[in-house]
Amino acid sequence: MTNNSSLLSPQTWPFSLEFLPKSAYLVGGAVRDAFLSRRAEYLDLDFVLPVDALKIARSLANHYKAGFVVLDKQRQIARVVFDGATVDLAQQEGESLETDLYRRDFTINAIAFNPHTAQFFDPLNGVADCRAGTIRMVSPKNLEDDPLRLLRGYRQAAQLGFTIESNTQSTIRQLAPLLGQVAVERVQVELGYLLKSPQGTPWLINAVKDNLLQSCFPDVTERDLGQIIAVEQAGAILTECYPNLGLELNTPVSGKSLSLLSLAKLTNLLPSVADTAEELLSRLKYSRVEMRVILTVIQYLPELLSSTTSPMSLRQEYFFFQNVGSVFPALAVMAIAEGMTLDGLSFLIQRYLNPKDPVAHPTPLVTGKDLMESLNLPPSPQLGQLLIEIQIARIEGKIYSREEALILAAQIIAID
């Protein structure tokens, strides 16, 4: 068998091969990716051992002072975490390696490699499917045993640029209702992969059409699916015309959260009523920051779209930017997807991108403390209202200095 074992060279691993018994086999994504000449920035290795998986994993972690986590004590699966690499060691399922491989999800993930002998073991012809770009199930029962594998097939098709073999696709459609039994956190991870890249968009749409996501998003329409494509296209347009805006669109909103562009796509799978969308997002375990982005988009998109026919006043623009803040790029991409022209949106985009713009990024002439000291005012909600009116008067060109701000505040108080 012609192979790409050079990509699987133990010399590239963060530990010495002597820690693994001669019967240890590398399996899963690393072997598959070797045949596809795919190199990952982060090394993720999965080994199957006939015996002593936990013991060997602990020994490996202790020797290299690496992180150690027992993932499944009953099934004897442990993880050793190095800098830049994760190594999982699992006890072989069944009496032989072949039995173990026959319990896996897809043939492309059921190829084993012995690093001691540099030999491949491929009883399910996964190598041929790798070369053909085909995702083929090992068996329907394996998909039933862990229904997340149904969605994972679509995710891997997107990541690898593969197609799903027709019988496998048919089986996935039949088993689709089972995905509702899977913990939403696990579904969310797979869904995240589909939302993060242009390659994921058509497979996300296929997953919805095949009812895989019915339990998560029960009311998605054909138009909603079309809008996901439109958001993808709008994101490309905005990124080309405004690279800084594109950078914000494609950066995770917090930690491992989705990007604004991904969240804009996700918005199209949700109800357009904020309270209903919030309830659904909460049930799906999305983070507070992700929920805030989506709910802000739902709430303020109609106002942005209506500005096409009824332009906002400076006062309205001020409140709009105060309310949407850093979520503005997601609103912009949704507005373009809904048919708003780039020309119609460019003025607001330029405001947003200019850190010195007084409407989008106001700097105060006075503070609440200034008002309290100069006008002898107690702490109260009135201070906040006065600061807003001062800021609006400033952007409307009615005042320019601290002194004028204080005079205006005094006049407002006198009227009240």
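For the structure given in this document, a descriptive report is provided here. (Residues numbered from 1 in each chain as written. Predicted model: local features only at pLDDT ≥ 70, side-chain atom pairs only at ≥ 80, totals over all residues. Heavy atoms only, no water.)

1. So, the overall build of the protein chain
Definition in use: Under the scheme used here, helices are H or I runs from DSSP no shorter than 4 residues and strands are E runs no shorter than 2 residues, and both carry numbers assigned from the N terminus. Radius of gyration here uses only the C-alpha atoms, and the compact-globule reference equals 2.2 Å multiplied by the residue count raised to the power 0.38. Any residue under 20% of the maximum accessible area for its type is buried, any over 50% is exposed, and the rest in between are partly exposed; the area is computed with a 1.4 Å probe on protein chains only. In what follows, residue pairs with any heavy atoms lying within 4.5 Å of each other are defined as contacts. Computed with the Shrake-Rupley method and a 1.4 Å probe, the accessible areas treat only the protein chains shown as cover for residues.
Check the secondary structure of the protein chain and you find 20 helices and nine strands. Relative to the globule expectation of 22 Å for 416 residues, the C-alpha radius of gyration of the protein chain, 28 Å, shows a markedly less compact shape. Within the protein chain, the proportion of its 416 residues that are buried is 49%. Long-range pairs, those at least 24 residues apart, make up 67% of the contacts in the protein chain between residues at least 6 apart in sequence. When the accessible surface of the protein chain is summed, it comes to about 20,400 Å², and 50% of that surface belongs to carbon and sulfur atoms.

2. Considerations on the packing of aromatic side chains
In plain terms, the rule: For Phe, Tyr and Trp, rings pair up if their centres lie within 6.5 Å, where Trp contributes its six-membered ring, and each pair is then called stacked (planes under 30 degrees apart), edge-to-face (over 60) or tilted (otherwise). Cation placement over rings: the criterion is NZ of Lys or CZ of Arg within 6 Å of the ring centroid and within 35° of the ring normal.
Counted by the stated rule, this structure contains 14 aromatic pairs. Arranged with centres 4.8 Å apart and planes meeting at 45°, the rings of Phe113 and Phe120 form a pair that is tilted. The pair Phe113 / Phe120 is uniform in exposure class, with both members buried. Arranged with centres 5.0 Å apart and planes meeting at 35°, the rings of Phe328 and Tyr352 form a pair that is tilted. Of this pair, Phe328 sits in helix α16 (residues 328-337) while Tyr352 sits in helix α17 (residues 342-353), and the two are 24 residues apart along the sequence. With respect to burial, Phe328 and Tyr352 carry one shared label: buried. Among the aromatic residues, those joined into a ring-pair cluster are Trp13, Phe15, Phe19, Phe47, Tyr64 and Phe82. Above the face of the Tyr193 ring, Arg155 is positioned so that its terminal group lies 4.6 Å from the ring centre.

3. Notes on the pattern of salt bridges
Condition: Whenever a carboxyl oxygen of Asp or Glu lies within 4 Å of a side-chain nitrogen of Lys or Arg, that contact is scored as a salt bridge.
Tallied over the entire structure, the rule returns 20 salt bridges. Among the salt bridges present, the one from Arg79 reaches Asp88, with a minimum N-O distance of 2.7 Å. Each of the salt bridges in this network shares a partner with another, and the network as a whole consists of Asp72, Arg75, Glu93 and Arg103.

4. As for the environment of Asp52
Secondary-structure assignment places Asp52 in the loop between β2 (43-49) and α2 (53-64). Taking relative accessible area as the criterion, Asp52 reaches 39% and is therefore assigned partly exposed. As for Asp52 and Gly397, which are separated by 345 residues in sequence, their C-alpha atoms are 76 Å apart.

5. Here we look at the side chain of Asp122
Heads up, the rule is: Residues scored as positive are Lys and Arg, those scored as negative are Asp and Glu, and His as well as the terminal groups of each chain are ignored. Polar contact criterion, stated in full: a pair of N or O atoms within 3.5 Å, where within protein one must be able to donate a hydrogen and the other to accept it, and residues adjacent in sequence count only if both atoms are side-chain atoms.
As for its placement among the helices and strands, Asp122 is situated in the loop between β7 (119-121) and α4 (126-132). Arg131 is the oppositely charged side chain nearest to the buried, salt-bridge-free Asp122, at an N-O distance of 7.5 Å. One polar contact links the side chain of Asp122 to the main-chain amide nitrogen of Gly126, over a distance of 2.7 Å.

6. A few points about the packing of helix α12 (residues 260-267) against helix α14 (residues 288-306)
Heads up, the rule is: To get an axis, a line is fitted to the C-alpha atoms, and for a helix only the part in contact is used. The angle between two axes follows their N-to-C directions and goes from 0 to 180 degrees. With respect to orientation, any angle under 35 degrees is reported as roughly parallel, any angle over 145 as roughly antiparallel, any angle of 65 to 115 as roughly perpendicular, and every other angle as oblique. Each helix crossing is assigned a hand: it is left-handed if the near helix lies turned anticlockwise from the far helix by less than a right angle, otherwise right-handed if that turn is clockwise. Amino acid classes used here: Ala, Val, Leu, Ile, Met, Phe, Trp, Tyr, Cys and Pro are nonpolar; Asp, Glu, Lys and Arg are charged; the rest, including Gly, are polar.
Contact geometry of α12 with α14 gives a least axis separation of 10 Å together with a crossing angle of 60°. When the axes of α12 and α14 are compared, the pair comes out oblique. As α12 runs across α14, the sense of the crossing is right-handed. For the pair α12 and α14, contact is made by Leu260, Leu263, Leu266 and Thr267 and by Glu290, Val293, Ile294, Val297 and Ile298, respectively. In terms of residue class, the contact of α12 with α14 is built from seven nonpolar, one polar and one charged.

7. Structural notes on the side chain of Glu165
Among the secondary structure elements, Glu165 is positioned in the loop between β9 (163-164) and α7 (166-175). Comment: no salt bridge for buried Glu165; closest opposite-charge side chain is Arg136, at 4.1 Å. With sequence-adjacent residues up to four places away left out, Glu165 is seen in contact with Thr134, Ile135 and Arg136.

8. Some thoughts on the nonpolar core
We apply this condition: To define a nonpolar core, start from buried Ala, Val, Leu, Ile, Met, Phe, Trp, Tyr and Cys residues and group those joined through side-chain atoms within 4.5 Å.
Counting 119 residues, the largest nonpolar core has Phe47, Leu89, Leu213, Phe217 and Leu266 as the members making the most contacts within it. In this structure Phe47 touches Trp13, Phe15, Leu20, Tyr25, Leu26, Val87, Asp88, Leu89, Ala90 and Pro115, once residues within four positions along its chain are discounted. By size, the runner-up hydrophobic cluster in this structure holds 14 residues, among which are Leu371, Leu386, Ile390 and Leu406.

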